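Commentary on secondary and tertiary structure
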Amino acid sequence: MLQRSRFCFFCIWRDWLDRRDPRGLLGILTALAVGIAGYTLVFGAWLPDPSGTRLPPTAHIGPVSVALVLAGLAFGAGMAISGSCISAHLYRLGEGSSTSPFALIGAVGGFILGFLSWNDLYLSTIAGSPVLWLPRQLGYGGSLLASLAILAGLAWLLLRTGRMPPASPAVTQDPFVDVFIRRWPAWIGGLFVGLIGVAAYLRLSPLGVTAEIGSRSRQLAVGLDWLPLRLEGLDSFRGCATVIRDALLTPNGLFIAGIVTAAFAAALGAGEFKPKRPTGGQVLRGLTGGVLLGWGTVIGLGCTVGTLLSGISAGAVSGWVFAAALLAGTTVTLRLGRRLGWLA
């Protein structure tokens with residue numbers, strides 16, 4: 001679904017900046033609307049009274065701090081430099097991208113740098129920061145209405161100020177072509193991503209694509225004796241957990257492998273698997289952007305899927321703050337990079 005609908009946060013935001021094309025952003029808003037409604041139903045069954053001190057189990061609800069803003073800015077800059085977020089790099093890996101392998105390698109280094117800087121940031125800003133959950137302040141009904149109202153307002157603004165491109169040709173009479181060859185509309189991708197997010201939370205845990213990469217990065221750094229003996233409070237937070245695991249295969253690891261494999265199958269069937277020899281610039285941008293993506297993921301306790309998509313769906317204010325900082329970081333980096341001739 002990511003590959004067929006081009007559900008890439010950076011590509012979608014770049015389409016808006018360059019052409020005022022609102023379709024991709026409307027797809028993200030669709031995913032969020034479905035996720036918010038679905039999560040609210042699940043929360044109501046699991047935690048009938050949201051006004052207490054408890055939070056829904058495993059939901060991505062994190063502290064709102066200066067560190068979270070820095071994480072979003074760094075992650076956004078990493079997206080602009082490397083050309084994608086981490087989830088999109090995974091599906092682009094299946095497409096044969098020349099940059100994505102190096103971005104993911106760089107992300108490992110970024111994770112390790114994030115672990116090295118965690119204790120200082122935790123003690124100075126994160127430890128005393130509030131964990132803001134909208135249902136606790138507004139109740140489930142109020143949180144649902146407020147969140148959907150924000151999404152509706154954003155959708156109205158996009159439709160009002162955006163420039164919708166000419167309509168694509170009507171669907172063919174061949175369902176195989178419509179499903180496996182042609183691109184899916186962004187709102188279809190958003191609809192299914194939202195449904196998958198709700199189903200994943202109900203069945204196992206919130207959607208997130210960085211837990212396995214972070215865990216293996218931490219395992220590597222510990223094995224090389226690079227990290228302090230204790231990472232203060234990191235394992236107590238909700239989000240894309242980076243605890244060290246002894247198991248060879250984990251649910252999140254299989255999920256990531258499934259994204260790459262399924263994206264390869266989808267790209268191959270559509271004739272979009274086009275591997276090329278990487279240039280020096282692609283290698284450098286991939287590694288540099290990947291480091292920023294990895295660092296931002298550790299400090300922000302997740303990425304565009306975990307902190308942003310799953311967090312906003314859960315009613316976490318941290319998801320909205322991360323999203324705003326991410327878009328700011330992407331915009332500034334992309335415009336500055338283009339002015340200097342470093343980015344296309």
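Presented here is an overview of the structure given in this document. (Residues numbered from 1 in each chain as written. Predicted model: local features only at pLDDT ≥ 70, side-chain atom pairs only at ≥ 80, totals over all residues. Heavy atoms only, no water.)

1. What to know about the packing of helix H4 (residues 66–82) against helix H12 (residues 280–300)
For the record, the criterion: For helices, the fitted line uses only the C-alpha atoms of the stretch in contact; every axis is such a line through C-alpha atoms, and the angle between N-to-C directions lies from 0 to 180 degrees. Counting from the N terminus, the helices are DSSP H or I runs at least four residues long and the strands are E runs at least two residues long. We call two directions roughly parallel when the angle between them is under 35 degrees, roughly antiparallel when it is over 145, roughly perpendicular when it lies between 65 and 115, and oblique otherwise. By definition, turning the near helix anticlockwise from the far helix through less than a right angle yields a left-handed crossing, and turning it clockwise yields a right-handed one. Whether two residues are in contact is decided by their heavy atoms: any pair within 4.5 Å suffices. Throughout, the ten residues Ala, Val, Leu, Ile, Met, Phe, Trp, Tyr, Cys and Pro are labelled nonpolar, Asp, Glu, Lys and Arg are labelled charged, and all others, Gly among them, are labelled polar.
Two elements in contact, H4 and H12, have axes whose closest approach is 7 Å; the angle formed by their N-to-C orientations is 155°. Judged on the interaxial angle alone, H12 and H4 are roughly antiparallel. Here H4 and H12 pass one another in a crossing that is left-handed. Where H4 abuts H12, its residues Ala67, Leu68, Leu70, Ala71, Ala74, Phe75, Ala77, Gly78, Met79, Ile81 and Ser82 lie against Arg285, Gly286, Thr288, Gly289, Gly290, Leu292, Leu293, Trp295, Gly296, Thr297, Ile299 and Gly300. Within the contact of H4 with H12, the residues separate by chemical class into 13 nonpolar, nine polar and one charged.

2. With respect to the nonpolar core
The condition is simple: We define the nonpolar core as a collection of buried residues of types Ala, Val, Leu, Ile, Met, Phe, Trp, Tyr and Cys that are connected through side-chain atoms lying within 4.5 Å of one another. We call a residue buried when its accessible area falls under 20% of the maximum for its residue type, exposed when it is over 50%, and partly exposed in between, using a 1.4 Å probe and counting protein chains only.
In this structure, Phe75, Met79, Trp118 and Ile299 are the most contacted members of the largest nonpolar core, which totals 66 residues. When residues in this core are grouped by element, the largest group, eight residues, is from helix H6 (residues 100–126). Those residues in contact with Phe75 that lie beyond four places of it in its chain are Cys85, Ile86, Leu292, Leu293, Gly296, Thr297, Cys303, Thr304, Phe322 and Leu326. Grouped together as the second largest cluster of nonpolar side chains are 13 residues, Val42, Phe43, Ile61 and Tyr140 included.

3. Remarks on the packing of aromatic side chains
Any pair of aromatic rings gets described here by the distance separating the centres and the angle formed by the planes. As a reminder of what qualifies: Working definition: rings of Phe, Tyr and Trp (its six-membered ring) pair if their centres are within 6.5 Å, and the pair is stacked with planes under 30 degrees apart, edge-to-face with planes over 60 apart, and tilted otherwise. Whether a charge lies above a ring is judged from NZ of Lys or CZ of Arg, which has to be within 6 Å of the ring centre and within 35 degrees of the ring normal.
In the structure shown here, the tally under the stated rule is 15 aromatic pairs. Considering the side-chain rings of Trp118 and Phe237, the 6.1 Å spacing of their centres and the 75° angle between planes classify their relative orientation as edge-to-face. Of this pair, Trp118 sits in helix H6 while Phe237 sits in the loop between helix H10 (211–223) and helix H11 (251–269), and the two are 119 residues apart along the sequence. Taken together, Tyr39, Phe43, Trp46, Trp133, Tyr140 and Tyr201 form an aromatic cluster joined through their ring pairs. For Arg218, the ring lying beneath its charged end belongs to Phe115, and the centroid distance is 5.9 Å.

4. Quick notes on the environment of Leu227
For Leu227, the location among the structural elements is in the loop between H10 and H11. Put simply, Leu227 and Leu113 are 114 residues apart on the chain and 9.4 Å apart in space, counted from C-alpha to C-alpha. Look past the residues within four positions of Leu227 in its chain and what remains in contact with it is Ile112, Phe115, Leu116, Arg218, Ala221 and Val222.

5. Digging into H6
Filter applied, for reference: A helix is expected to span 1.5 Å for every residue after the first. Note on bend: at a given residue it equals the angle between the axes fitted to the 7 residues ending there and to the 7 starting there.
Compared with an ideal rise of 1.5 Å per residue, which puts 27 residues at 39 Å, H6 spans 31 Å between its outermost C-alpha atoms and falls more than 12% short. Of all the bends in H6, the largest measures some 45° and sits at Ser117.

6. A short note on the pattern of salt bridges
For clarity, the cut-off: Put simply, a salt bridge is a Lys or Arg side-chain nitrogen that is within 4 Å of an Asp or Glu carboxyl oxygen.
Summed over all chains, the structure comprises 11 salt bridges. A salt bridge links Arg23 to Asp21; the nearest nitrogen and oxygen atoms lie 2.7 Å apart. Its relative accessible area of 42% is what places Arg23 among the partly exposed residues. By relative accessible area, which is 5% here, Asp21 ends up buried.

7. Observations concerning the side chain of Ser100
Among the structural elements, Ser100 can be located in helix H6. For Ser100, a relative accessible area of 0% gives the class buried. Excluding anything up to four places from it in sequence, Ser100 contacts His89, Arg92 and Leu93.

8. So, H11
For H11, with 19 residues, the first-to-last C-alpha span of 27 Å sits near the 27 Å given by 1.5 Å per residue. Of all the positions in H11, only Asn252, Gly253, Ile256, Ile259, Ala263, Ala266 and Ala267 are classed as buried. Two residues or fewer after H11 comes Gly271, characterised by a positive phi angle close to 75°.

9. Structural notes on the packing of helix H3 (residues 23–46) against helix H7 (residues 134–161)
Their axes nearest at 10 Å, the elements H3 and H7 cross at an angle of 175°. As summarised for this structure, H3 and H7 are arranged roughly antiparallel, according to the angle between their axes. In this structure, H3 uses Leu25, Leu26, Leu29, Leu32, Ala33, Ile36, Ala37, Thr40, Phe43 and Gly44 to contact H7, whose residues at the interface are Tyr140, Leu144, Ser147, Leu148, Leu151, Leu154, Ala155, Leu158 and Leu159. Here the residues of the contact of H3 with H7 sort into 16 nonpolar, three polar and no charged.

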